[in-house]
Structures are given as C-alpha cells and as structure tokens.
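# Inside the fold
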Amino acid sequence: MSTMTETKKPAKLKVDNNSSLGGRVFDALNVIVLVGLALITVLPLLYVLAGSLANEAEISTRPFFLWPHKIVTEAYEYIFATPTFVRALLTTVIVTAVGMVVQVLLTFTMAYPLAKRYLPGRTLVLNLVIFTMVFTGGMIPTYLVVRDLGLLDSYWALILPLAINPFYLIIVKSFFQELPQALEEAARIDGCNEMGVFFKIVLPLSKPIIATFSLFYAVAIWNDYMSPLLYISDPNKWTLQILVRQLTNTDAAAALSQMDRTWVPPEQGLKFAVVVIATLPILFFYPFLQKHFAKGVLIGGVKE
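Residues numbered from 1 in each chain as written. Predicted model: local features only at pLDDT ≥ 70, side-chain atom pairs only at ≥ 80, totals over all residues. Heavy atoms only, no water.

A count of helices and strands for the protein gives 16 helices and 0 strands. Taking the contacts inside the protein whose residues are at least 6 apart along the sequence as the reference set, 71% of them involve residues at least 24 apart. Summing over all exposed atoms, the protein offers an accessible surface of approximately 18700 Å²; the carbon and sulfur share of this is 69%. (Helix = DSSP H or I, 4+ residues; strand = E, 2+ residues; numbered from the N terminus. Contact = heavy atoms within 4.5 Å. Areas by Shrake-Rupley, 256 points an atom, 1.4 Å probe, with all protein chains shown as cover.)

Next up on the list: the pattern of salt bridges. When the charged atoms of two side chains with opposite charge come close together, those side chains can pair. Counted by the stated rule, this structure contains 4 salt bridges. Residue R188 is joined to E194 by a salt bridge in which the shortest nitrogen-to-oxygen separation is 3.0 Å. Taking relative accessible area as the criterion, R188 reaches 28% and is therefore assigned partly exposed. By relative accessible area, which is 34% here, E194 ends up partly exposed. Linked through salt bridges whose partners overlap, the residues forming this network are K116, E184, R188 and E194. (Salt bridge = Lys/Arg side-chain N within 4 Å of Asp/Glu carboxyl O. Buried < 20%, exposed > 50% of the residue type's maximum accessible area, 1.4 Å probe, protein only.)

The residue D153 is not glycine, and still its phi comes out positive at about 60 degrees. Looking at the element boundaries, D153 is found in the loop between α7 (139–148) and α8 (166–177).

We now examine a nonpolar patch on the surface. Together, I130, F131, M133, V134, F135 and F167 give the surface a local cluster of nonpolar side chains, amounting to about 620 Å² of exposed area. No other element matches the 4 residues that helix α6 (residues 122–134) contributes to the nonpolar patch. With respect to the secondary-structure elements, M133 resides in helix α6. Its relative accessible area of 39% is what places M133 among the partly exposed residues. (Patch = residues over 30% accessible without salt bridge, like charges linked within 9 Å, V, L, I, M, F, W, Y side chains within 5 Å.)

In this numbering, the UniProt entry assigns the feature "transmembrane region" (unreviewed entry) to residues 28–50, 88–112, 124–143, 155–176, 197–222 and 269–289. Within the segment residues 88–112, helix and strand shares are 100% and 0% respectively, and the terminal C-alpha atoms sit 36 Å apart. (UniProt positions renumbered as here; feature names shortened; annotations may be inferred.)

The next point concerns the nonpolar core. Residues I79, F85 and L240 are the most contacted members of the largest nonpolar core, which totals 34 residues. Among the elements of the structure, α2 (17–52), α4 (74–80), α5 (83–114), α11 (207–222), α13 (240–249) and α15 (267–289) are those that each provide at least two residues to this core. For this core, the element with the highest residue contribution is α15, accounting for 8 residues. Counting residues in hydrophobic clusters, the runner-up holds 23 residues, among them Y112, Y168, L169 and L179. (Core = buried A, V, L, I, M, F, W, Y, C linked by side-chain atoms within 4.5 Å.)

In this structure, T212 sits in helix α11. Judged by its relative accessible area of 0%, T212 falls in the buried class.

Counted by the stated rule, this structure contains 2 cavities of 30 Å³ or more. Volume-wise, the largest cavity comes out at about 70 Å³. Residue assignment for the lining of the largest cavity shows that the elements contributing at least two residues are α5 and α11. Its residues assigned to classes, the lining of the largest cavity comprises 5 nonpolar, 4 polar and 1 charged. As a volume, the second largest cavity reaches approximately 40 Å³. T84, R87, A88, T91, P235, N236, K237, W238 and L243 are the residues that line the second largest cavity. It is α5 that contributes the most residues to the lining of the second largest cavity, 4 residues altogether. Considered class by class, the residues forming the lining of the second largest cavity number 4 nonpolar, 3 polar and 2 charged. (1 Å grid on protein atoms, 1.4 Å probe; cavity = no way out; pocket = protein on both sides within 12 Å on 5 of 7 lines; lining within 4 Å. Points joined across faces, edges and corners; volume = space filled by probe spheres on them. Nonpolar A, V, L, I, M, F, W, Y, C, P; charged D, E, K, R; others polar.)

Shown next as structure tokens:
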C-alpha cells in the first residue's frame, strides 16, 4: 500500500549550461550590435543639432561635440527672418500635404477594384503594374511627358508623376482582398453602391494601412530632391530640399537671396540649422504612426 500511495516526484529538467551560456552570449551580442547601430544613426543627428546651436568659433575648433559650450539661436532666428526660407518651407508643407492626399486617394481607388477577382481585364492591369516595377521610362522620357503636359514649373509636377507606387498598390490590393466580403454584401443589400461601400465600409476598416502609406508617401514627397531639380526652375517655387542643397553646396548666407545684409549668421551653424528644420517634421510625426506600421504592412502582405 505504501508503494501505491507514494507519489512520483516530477523529474528535474536538466539545464544545459553550455546552451544557456550560448544564449546569453547571443543576446549580449545582439544588444551590442543594436546599440552600435542606434549610435551610428543617432550620433550624427545629435551632432547636427548641437552644431546648429553653437557659434562659429566652436564649430571650427571642436571636430565633434554633442553639446555646445554656449547655446546660441542666431542661425534659427536668421532662417525664420528670411522670406526665401519661409516660402520654401511653406511650399514643401503644402506640396507634401496635398500630394499625400492625392497619392493615397489614387492608390486606394485603383487598388480596390483590382482586388475584385471578377473585374474584367484585372489580370492584364496587374501585369502592367508589375511591369512598371521592373522597367521604367527613365528620366528623359518622364521629363518629356511632364513638359508636354504643361507641368513644368508647376507643383503638380512634384505630385502626379509619382502618384501611384506600384509596390504600395499591390500591398493595398492584397489588404482589400483579406477584408470580409460579408460586410460589403450586407452594405449592398442595404442599398449602397460601390462608391458607398468603398468610402463607408472599406476605408474605415483600412485605418492602419492608410496611416502607414500616408506617411510613406509624405516622407517620399518631403525628401524628394530630383523632381524639383528637374521640373522647377523658378527660385520662388523652390522646395525645402532644393534650398538645403543650395545652402550646403554654396555659401550659406549668399544662397538666401532676400536676406538682411547687416546681419551675417554663422555659416556652418546655418547649414546645420537648415538640416535640422528639414528633418524634424518627419521625426515628429513618425512616432504617432509607428504603431500602425507592422500591422499596416504585414496585413497586406498575404499572398493571393
């Protein structure tokens, strides 16, 4: 009886010390590599920010620093007192906002019908979209098209030629295909047409992917340098990126044509300040939309 009443003690799991040690070493190496990559990314930004707040003497004597001895804001005061820079900044903000809305709207309105398997000619259109991912017309043919459409020196030249990214289009199409068809059928039974289904049912369910690709398109327009360089010849219509290029490649103060000649700011500090102002808007909005990135991209990456 004593034998029957005895309870078996659970067998102790053997811990492999070598495996545990190897796992700890692997984790430590991962942390070291990731911290190193983070420093490589963050330190230049901190140096540029510190340089924008330092005087010219400190910038020229200290090869690298992350905090200036004395904080000065002359460069920022000079920039925002200059009509040329303020105009370029407002131009970039407006072009980015309008371009983002236009590009997201065109991408989603094209992806929605392509997500319907019963659409006539759907396969042909998808093949043409994929073709554009491999082969492009090139810079000169694109310039000729923009010129013949009368878009030179127009802000639409910065928006329409890149209005639909084919890779984004395919991801959005895959996302739409994963939405429950029962919701769309119920909306049609209630009297909604296709446009009603799209705007009242599909888009409200697509907030993560809308946020994701809105930021992708906004970043692309904000950082676009080649399009303004090719299509905009009027200095009064320069975007921020063209002005940054002018400031960093030439004498910073001379590049701002409408400036106060009695006030000469630090040249290097002015360049740093312009780079900071051109970078901060994207860095500011990125954390608010970051939570949608993984969901918005991966949810549309399901194979058809």
